[in-house]
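Below, each chain spelled out in residue letters.
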Amino acid sequence: MTAAKLDAIDLKILDAIQRDGRITKLALAEQVGLSPTPCWMRLRKLEKAGIVSGYHARIAMRVVAPVATVLMEVTLASHRQADFDRFERVIRDIPEIVACWSVGGGVDYVLKVMARDIDAYQRLVDGLLDREIGIDRYFTYIVTKTVKEEIALPIAELLPVSP
């Protein structure tokens, strides 16, 4: 996959909108040092290229209701492509599983689960096991405190350094 060619202004636009998706056109233009029309055109170009994939509100769920955040490691019994596909298909359809990563190392997947409480989490796991989607073993890690959870990506730190 080739990286998109972005200049310093594009990077400033991306950084600004990921920190404040509701920023006005005028404020964005001022922040990146452009007039509004060229700034808006650049933003539209970034959206059309799929670099900006959406705008979202961040919900403070714990203010709304108590929730349990659980990380779960999963190892599948078999490692054929069909087994991975079946597992991933089921996981995608479960709303409480808010993230799932296929990982290298001692386990196959790491999942982030948001449930009403630990009992609800266990019922979800029991349902997964009953569905026989190939889970050999799993480990549960209950999040007791969120130390850091950044939504904004460190754009400048992730890009190659220009000479």
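Note that the structure is a prediction, hence the values are computed from the model and not measured. (Residues numbered from 1 in each chain as written. Predicted model: local features only at pLDDT ≥ 70, side-chain atom pairs only at ≥ 80, totals over all residues. Heavy atoms only, no water.)

## Things to note about the domain arrangement of the protein
Segmentation of the protein into domains returns domain 1 (6–55) and domain 2 (59–140). Placing a centre on the C-alpha atoms of domain 1 and another on those of domain 2 gives a separation of 35 Å. (Domains from an automatic or database assignment.)

## A few points about the packing of helix α2 (residues 25–32) against helix α3 (residues 36–48)
Direction vectors running N to C along α2 and α3 enclose 95°, while the axes themselves pass 9 Å from each other. As summarised for this structure, α2 and α3 are arranged roughly perpendicular, according to the angle between their axes. Counting all contacts with α2, which are made through K25, L26, L28, A29 and V32, the residues of α3 involved are P36, C39, W40 and L43. A per-class count over the contact of α2 with α3 returns eight nonpolar, no polar and one charged. (Axes fitted to C-alpha atoms, helices over the stretch in contact; angles between N-to-C directions. Helix = DSSP H or I, 4+ residues; strand = E, 2+ residues; numbered from the N terminus. Parallel < 35°, antiparallel > 145°, perpendicular 65-115°, else oblique. Contact = heavy atoms within 4.5 Å. Nonpolar A, V, L, I, M, F, W, Y, C, P; charged D, E, K, R; others polar.)

## Considerations on the UniProt feature "domain: HTH asnC-type" (unreviewed entry) in the protein
Here, UniProt's "domain: HTH asnC-type" (unreviewed entry) annotation points to residues 6–67. The span residues 6–67 carries 60% helix and 0% strand; its end-to-end C-alpha distance comes to 40 Å. (UniProt positions renumbered as here; feature names shortened; annotations may be inferred.)

## Comments concerning the nonpolar core
Counting residues in each nonpolar core, the largest one holds 21 residues, and the members touching the most others are V74, F87, I97, L111 and L128. Residue assignment for this core shows that the elements contributing at least two residues are β1 (68–76), α5 (81–92), β3 (109–115) and α6 (118–130). Among the elements that line this core, the one with the most residues is α6, at five residues. Not counting residues up to four positions away in its chain, the partners in contact with I97 are I91, L111, K112, V113, L124 and L128. By size, the runner-up hydrophobic cluster in this structure holds 13 residues, among which are L14, I17, V32 and L43. (Core = buried A, V, L, I, M, F, W, Y, C linked by side-chain atoms within 4.5 Å. Buried < 20%, exposed > 50% of the residue type's maximum accessible area, 1.4 Å probe, protein only.)

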